[in-house]
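Read off the chains here:
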Amino acid sequence: MKAARISPLRYCWYIVGRSPVFMALYAAAIIYGCTSEWLSAGSSDAALAMIIVGQMLSSSTGFVSQASRGYFDPLLVAGHSRLSVGLSLFVVSALPGWVAWVCVGLAEVALQRTLDVPAFRPAGLVALLLVSCVPWSATLRSPRLTGGLVWLGLGILGVLTGKVFGLLAMAQMSPAEIRGNLWGAFLNGLALPTVMPFVKWPVEILILFTLVSLLTLAAGLAYIRFRQIPLSQEF
Amino acid sequence: MGQVQMAKARSSPGEGSLLHLAHVSRSFGRQVVFTDLSLSLSAGETLGLIGPNGAGKTTLLRMIVGLLRPDAGQVRLNGQPPVDAMATCAVAYFAGESSVPPSLRAGTWARLLGCPDLEGIANKPIRKLSRGTRQRLGLQVNLSRPRTQLVILDEPWEGLDPDASRWLRGRIQALQGAGTAAILSSHRMHDLAGLCNHYAFVVDKRLILVTAADIASDRDVTGEDLFTWFDRLRAAG
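Here the residue numbers are simple positions, counted from 1 along each chain's written sequence. Chains carry letters from A onward and ligands carry numbers from 1 onward, assigned in written order. For this predicted model, a pLDDT threshold of at least 70 governs which residues receive local features, and a threshold of 80 or more governs which side-chain atom pairs are given and counted, while totals over whole chains, interfaces and linings are taken from all residues. As a convention, hydrogens and water are excluded, and side-chain values are obtained from all of the structure's heavy atoms.

(A) Focus on the overall build of chain A. Along chain A, the regular secondary structure elements total twelve helices and zero strands. Radius of gyration: over C-alpha atoms. The globule rule applied is 2.2 Å multiplied by the number of residues raised to the 0.38 power. Compactness check: chain A gives a C-alpha radius of gyration of 19 Å against a globular reference of 18 Å for 235 residues, within 12% of the reference. C-alpha extents for chain A along the principal axes are approximately 55 × 35 × 30 Å. Summary of the burial criterion: residues with accessible area below 20% of their type's maximum are buried, those above 50% are exposed, and those between are partly exposed, where the area comes from a 1.4 Å probe applied to protein chains only. For chain A, the residues scored as buried account for 51% of the 235 residues in total. Working rule for contacts: check all heavy atoms of both residues, and any pair within 4.5 Å makes them a contact. In chain A, the share of contacts with a sequence separation of at least 24, taken over all contacts with a separation of at least 6, comes to 75%. Accessible surface for chain A amounts to roughly 10,300 Å². Of this, 71% is attributable to carbon and sulfur atoms. Positive residues here are Lys and Arg, negative ones are Asp and Glu, while His and the chain termini are left out of the count. Here the site of a charge means NZ on Lys, CZ on Arg, CG on Asp, or CD on Glu. Once the 15 positive and 8 negative side-chain charges of chain A are each reduced to a mean point, those two points are 14 Å apart. What counts as a helix is a DSSP run of H or I of at least four residues, what counts as a strand is a run of E of at least two, and both are numbered from the N terminus. Under the convention used here, a 1.4 Å probe and the Shrake-Rupley method define accessible areas, while residue burial counts only the protein chains that appear.

Below you can see the structure in the form of structure tokens.
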């Protein structure tokens, strides 16, 4: 079977996944996280926040600009479904950030001698899922980095206008206190995902963030599955 | 005009063919690309697709390989819709040098697509290759796959130097000898002349099929023959 000859994961990795800038950023985050943790257990939060920001940008790989040049033609003509191409594209877009996250998380586990570390707590994993799915889907029709840059810009705007300071205060609150302003907390979390892993979220908000992530991912995959994209030299 | 009508009559799709298009239409928004287009192609046959820029040749080829869907009508490859057929039918499709990703090295891209090592340019970044070299790289990679049943090349001579043009012609003839069907799109008639069993002219959003024997029964078709037929068909509307 011809289709077996081209691996969609490998192909997408070479076409969109490899970015020396993000590789360097994640390597720096891993080194910084491990060193911080080694010097003082429980102090790798900044490295995790760095990975969150990196993931917002590096998962914003885009699709239409590459597809309209025909870069994915070899995969599709080899018999791979659009869905498998979309999933492969998502995985290679998110993979570098996931690897960096797991590395810092393992350093936390090893040096804090517990599995209850920010990287592997539900809030941390949900934050990573959110910043993997939303920018990826949001950028499918736009140039690379667009989704992440717009999200970061809105977050910075929120901070500068004083609208999301609540989230910083939320880091000190209990889940019961946060539950008092559920939607406000949810919107604050969306605005500043870098702080998300360090907030003690009530379970319903974590479920909401997970749903938002999965629905956004499904919308992105459906777009790739059903959208017909002519070559840029066509009409 | 009698010849034209005869050619149209032959454009009805045949049974048991490798590729079969029946009454296919396609638009982009309000812009009609072509309407009620039918053709069929069997193993070992070569079709030259001729038309001006913007006539819809690229759109037609991308429908045949399942990258675009027709608005109406049917496309069948080995009796199946193209999207399903691609898993079992070995098709080589090359859309031109702009579809070769510039960020990779030539050898990396070739290896990803299962092509053996390239001589000379393997370590060069694709973005640093000339247009003609990128075109030849794309053709070489796509035409090197074994047991290809259908080759579809969109403007394959674009940017090629004389040596590469000669190489391409020889490669296509070798594939024809091996029983591979081919569709070659070009607006450069001299390149297609003498290489195809059938010629399809895209005129006024319609496709008119003519066999090589209709054009020149006792000799090879020349570029001038194709120009003459194209002008005649266009004048006939």
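(B) Representation of the packing of aromatic side chains in the model. In this scheme Phe, Tyr and Trp rings, the latter by its six-membered ring, pair at centre separations within 6.5 Å, and the angle between planes marks the pair as stacked below 30 degrees, edge-to-face above 60, and tilted otherwise. Tallying each qualifying case throughout the model produces seven aromatic pairs over all chains. Judged by centre distance (5.2 Å) and plane angle (25 degrees), the rings of Phe63(A) and Phe72(A) are stacked. The pair Phe63(A) / Phe72(A) is uniform in exposure class, with both members buried. For the ring pair Phe90(A) and Trp98(A), a centre distance of 5.8 Å and an interplane angle of 70 degrees mean the geometry is edge-to-face. Classification of Phe90(A) by relative accessible area gives buried; the value is 6%. An aromatic cluster of at least three residues, connected via ring pairs, comprises Trp183(A), Phe186(A), Trp201(A) and Phe209(A). Remark: a charge is flagged as sitting over a ring if the NZ atom of Lys or the CZ atom of Arg is within 6 Å of the ring centre and within 35 degrees of the ring normal. Sitting above the plane of the Phe28(B) ring, Arg26(B) keeps its charged end 4.6 Å from the centroid. Sitting above the plane of the Trp167(B) ring, Arg136(B) keeps its charged end 4.3 Å from the centroid.

(C) Structural context of the sheet that holds strand S2 (residues 31-41) of chain B. Residues and elements named next belong to chain B. Pairing is antiparallel across the open sheet formed by three strands, whose spatial order is S2-S1-S4. Looking along the sheet, the strands with just one partner apiece sit at the ends: S2 and strand S4 (72-77). This sheet shows a mean twist of 25 degrees between the axes of neighbouring strands, independent of strand direction. Lying over the sheet, helix H2 (residues 57-64) contacts strand S1 (19-28), S2 and S4, oriented at roughly 125 degrees with respect to S1. Paired strands, in this sense, are two strands between which DSSP finds at least two bridges. Orientation is described by lines fitted to C-alpha atoms, with helices fitted over the stretch in contact, and by angles between N-to-C directions that extend from 0 to 180 degrees.

(D) Main features of unusual backbone geometry. Positive phi outside glycine occurs at Arg113(A), with the angle close to 55 degrees. The topology assignment puts Arg113(A) in the loop between helix H6 (82-112) and helix H7 (122-138). Of the residues examined, Arg113(A) reaches a relative accessible area of 75% and is grouped as exposed. Of note, Asn78(B) is a non-glycine position whose phi angle comes to about 55 degrees, a positive value. Relative to the helices and strands, Asn78(B) resides in the loop between S4 and helix H3 (82-85). On the basis of relative accessibility, which here comes to 37%, the residue Asn78(B) falls in the partly exposed class.

(E) Just the pattern of salt bridges, in detail. Residue and element names in this part refer to chain B. Salt bridge, as used here, is a side-chain nitrogen of Lys or Arg placed within 4 Å of a carboxyl oxygen of Asp or Glu. Overall, the coordinates contain eleven salt bridges over all chains when judged by the stated rule. Across the pair Glu155 and Lys57 runs a salt bridge whose closest N-O atoms are separated by 3.7 Å. In this pair, Glu155 is assigned in the loop between strand S6 (150-154) and helix H6 (162-177) and Lys57 in helix H2, connecting sequence segments 98 residues apart. Each member of the pair, Glu155 together with Lys57, is buried. Between Asp163 and Arg166 there is a salt bridge, with its nearest N and O atoms 3.3 Å apart. With Asp163 and Arg166 both in helix H6 and three residues apart, this pair spans about one turn of that helix. By relative accessible area, which is 53% here, Asp163 ends up exposed.

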